[in-house]
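Overview (structure and organization)
Okay, here's what each chain looks like letter by letter:
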Amino acid sequence: MTTGTPAAEAGGRAPQRLAPEEVRTLFLFESLDADQLTWLAEQGRVERRNAGDLVYAEGDPAECFFVLLDGTVRLCRTVHGDQVEINRTAQRGVYGGATQAYLGDDRQYRNSMWALTDAEFFVLPAEKFAHAVRSWFPMAMHLLEGMFVGMRDTQTLVGERERLLALGSLSAGLTHELNNPASAAVRATSSLRERIAGMRHKLALIADGRIDSRRLHALVALQEEAVERMAKARPMSPMETSDAEDELTDWLDDQGMTAGWELAPTLVSAGLDIDWLERVGVAVGAEDLEPAVRWLTYTVETELLMREIADAAIRISTLVGAAKQYSQLDRAPYQVVDVHELLDATLVMFKAKVPAGVRVVKEYDRSLPEIPAYAAELNQVWSNLIDNALGAMGDAGTLTVRTGRLDDQLIVEIADTGPGIPEVIRPRIFEPFFTTKPVGEGTGLGLDISYRIVVNKHHGDVRVSSVPGDTVFRVLLPISPEEPPAG
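Now for a look at the structure at hand. The structure presented is a predicted model; accordingly, all values stated were derived computationally and were not measured. (Residues numbered from 1 in each chain as written. Predicted model: local features only at pLDDT ≥ 70, side-chain atom pairs only at ≥ 80, totals over all residues. Heavy atoms only, no water.)

1. Some details on the packing of aromatic side chains
Both the distance between ring centres and the angle between the ring planes are used here to describe each pair of aromatic rings. As enumerated under the stated definition, the model contains seven aromatic pairs in all. Ring geometry for W39 and W136: centres 5.5 Å apart, planes at 80 degrees, overall edge-to-face. Of the two residues, W39 is situated in helix α3 (residues 34-43) and W136 in helix α4 (residues 126-136); the sequence distance between them amounts to 97 residues. Accessibility expressed as a relative area gives 23% for W136, which makes it partly exposed. Among the aromatic residues, those joined into a ring-pair cluster are Y56, F66, Y109 and F121. One cation-aromatic arrangement involves K457 over Y374; the distance from NZ or CZ to the ring centre is 4.1 Å. (Phe/Tyr/Trp six-rings, centres within 6.5 Å; stacked < 30°, edge-to-face > 60°. Helix = DSSP H or I, 4+ residues; strand = E, 2+ residues; numbered from the N terminus. Buried < 20%, exposed > 50% of the residue type's maximum accessible area, 1.4 Å probe, protein only. Lys NZ or Arg CZ within 6 Å of the ring centre and 35° of its normal.)

Quick look at the structure:
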């Protein structure tokens, strides 16, 4: 070896290099011919690091390919905000850094390397290493490109398929939810038409000249009062309702009315009692009491039906609004949002998928500020986490959606009371294609997609803690990012 450092090279002195025969002693290069070894010896250099030095940092531009000559190093990855050691070695010839430069997409270091002891490296610039692999091993290049590009394309296609399946499932649930109020509105409209026809018929009987105008005005006033009493009627227990209906049926029978038991439930639901009906008798006379009561009953029924139609329309409007909030189709991709609105919209979309035995609990910190985010993609994160939680619990349990704050980060927690995630597989749950579901039921990309949306696009983090009966996925999002995340 000759002496020198890269810094010395900038000052005019030659860097320290390896002789070709020394390059051959590194297992990665042992099968190269003499010309290739000479080229590597000329292009590479020897660098030293002191114990405790950072050799290269994850996320920095991948500029060099490092081969260990002497010393001990460790490789680390950042996992959910923590530095996790993935390897520690003193084996001569191990390598790291710009290991995929030859594919043309190794723009950043994929891990960090630290020198645990004084260490020495054979260092090749990334572009030189890439040139050597492409030029000397063209067949291997085709195979490697096929493997990496194929895996990436597969991941993209499967990810798109998973999104479509999730969308189809949510669309089916939304259709089901919309069908209920729509059907109720159709039924109520049909019944309303019949009641209005009945009102016209009874009104004709009342107004055929047997009732003078004074009594008719009194009856109309009682009709308005019936509507007002119905709006203010207090809710009754089943026992109270049953007793009131029995009492009113007996009174109607005593007045000689036909099928009074059919009228009693409607009158009771409107808060109309015997005292009030006796006022009707005084207003129209005993001979016209039955047509008057039936006319008033039709009034109550039409009001109840119109209320049912209004409720159905509100439910439909709410569901459509939730679908728009969930999809964010009419909004800018990156915007300031209230995470509670996003969570509520996602829960509405999942309503049909929540089993009857699963209780949904919302614990929101309403003091949290709005944050800038990709709203539609965050909804996809909530969807994946909620879907996994529901799948873990089966037909019974508690799904808790909680928000809070930790320093300058907003926290969203999705918790379930399922059996938990076994500790042996917990480190792998964010890996692409890893799934514990049976074949055909999961692609293993839901959590991977969620992780990339939160970490890569929002500069946040996803963490998980799990014991039987309490699994919590915790999403941390910056409240005030210094700059918009990359799209």
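2. Side note on unusual backbone geometry
Leaving glycine out, the prevailing phi sign among residues is negative, and the prevailing peptide bond configuration is trans. A positive phi angle, near 50 degrees, is found at A259, a position not held by glycine. Assignment of secondary structure puts A259 in the loop between α7 (238-254) and α8 (260-269). Residue class for A259 comes out partly exposed when judged on its relative accessible area of 23%. Located in the positive-phi region is D407, a residue other than glycine, with phi close to 55 degrees. The topology assignment puts D407 in the loop between β12 (396-406) and β13 (409-416).

3. Examining the sheet that holds strand β8 (residues 119-125)
Taking strand neighbours across the sheet as the criterion, the four strands line up as β1-β8-β3-β6 in an open arrangement whose pairing is antiparallel. Edge strands, defined here as strands with exactly one partner in the open sheet, are β1 (45-49) and β6 (95-97). Within the sheet, the average angular offset between the axes of one strand and its neighbour, ignoring direction, is 35 degrees. In the sheet, β1 pairs with β8 via five bridges, with the strands oriented antiparallel. Across the sheet, R45 pairs through a bridge with V123, a residue of β8. Docked against the sheet, α4 engages β3 (64-70) and β8, running at close to 65 degrees with respect to β8. (Pairing = 2+ DSSP bridges. Axes fitted to C-alpha atoms, helices over the stretch in contact; angles between N-to-C directions. Contact = heavy atoms within 4.5 Å.)

4. Re the environment of R366
Structurally, R366 is set in the loop between β10 (357-363) and β11 (371-374). Since its relative accessible area comes to 56%, R366 is described here as exposed. Considered as a pair, R366 and T403 are 37 residues apart in the sequence and their alpha carbons are 8.4 Å apart.

5. Looking at a nonpolar patch on the surface
Together, F27, L28 and Y95 make up a nonpolar patch on the protein surface, roughly 250 Å² of accessible area in all. Among the secondary structure elements, F27 is positioned in the loop between α2 (20-24) and α3. Judged by its relative accessible area of 36%, F27 is partly exposed. (Patch = residues over 30% accessible without salt bridge, like charges linked within 9 Å, V, L, I, M, F, W, Y side chains within 5 Å. Areas by Shrake-Rupley, 256 points an atom, 1.4 Å probe, with all protein chains shown as cover. Salt bridge = Lys/Arg side-chain N within 4 Å of Asp/Glu carboxyl O.)

6. Things to note about the sheet that holds β10
One open sheet accounts for five strands, arranged β10-β12-β13-β15-β14; its pairing is mixed. Of all the strands in the sheet, the pair left with one neighbour each is β10 and β14 (461-467). The average undirected angle you get between the axes of adjacent strands in this sheet is 15 degrees. On the sheet, helix α11 (residues 339-349) packs against β10, β12 and β13 and is oriented at approximately 165 degrees with respect to β12.

7. Quick look at the nonpolar core
The biggest cluster of nonpolar side chains holds 40 residues, and the ones touching the most others in it are W382, I386, L399, I414 and V475. Of all the secondary structure elements, the ones that give two or more residues to this core are α11, β11, α12 (375-393), β12, β13, α13 (446-457) and β15 (470-478). Here this core takes nine residues from α12, the largest share from any one element. Excluding anything up to four places from it in sequence, L399 contacts L347, V358, R359, V360, V361, I386, A389, L390, M393, I414 and A415. (Core = buried A, V, L, I, M, F, W, Y, C linked by side-chain atoms within 4.5 Å.)

8. Side note on the packing of α7 against helix α9 (residues 274-284)
Two packed helices can be described by the angle between their axes and the distance between those axes. Here α7 crosses α9 at 25 degrees, and the two axes come no closer than 11 Å. Here α9 runs roughly parallel to α7, going by the angle between their axes. Where α7 crosses over α9, the two elements pack in a sense that is right-handed. Listed contacts from α9 to E247, L248, W251 and L252 of α7 are I274, L277 and E278. By residue class, the composition of the contact of α7 with α9 is five nonpolar, no polar and two charged. (Parallel < 35°, antiparallel > 145°, perpendicular 65-115°, else oblique. Left-handed = near helix turned anticlockwise from the far one by under 90°. Nonpolar A, V, L, I, M, F, W, Y, C, P; charged D, E, K, R; others polar.)

9. Describing the pattern of salt bridges
Scanning the entire structure with this criterion turns up 16 salt bridges. Taking the shortest distance from any N to any O, the salt bridge between E47 and R45 comes out at 2.6 Å. For E47, a relative accessible area of 8% puts it in the buried group. With a closest N to O distance of 3.2 Å, K232 and E228 form a salt bridge. With K232 and E228 both in helix α6 (residues 213-232), this residue pair falls four residues apart, about one helical turn. According to the relative accessible area criterion, E228 is partly exposed, its value standing at 46%. Residues joined by salt bridges that share partners form a network here, namely E363, R402, E413 and R474.

10. Details of the side chain of T398
Mapped onto the elements, T398 comes out in strand β12. For T398, a relative accessible area of 19% translates into the label buried. Those residues in contact with T398, other than ones at most four positions away along the chain, are R359, V361, M393, A415, D416 and T417.

11. Observations regarding the packing of α11 against α12
Where α11 meets α12, the axes come as close as 9 Å, and the angle between the chain directions of the two elements is 50 degrees. Classified by the angle between their axes, α11 and α12 sit oblique to one another. In this structure, α11 meets α12 at a crossing whose hand is right-handed. Residues L342, L343, T346 and L347 of α11 pack against A375, L378, N379, W382, S383 and I386 of α12. The residue makeup of the contact of α11 with α12, split by class, is seven nonpolar, three polar and no charged.

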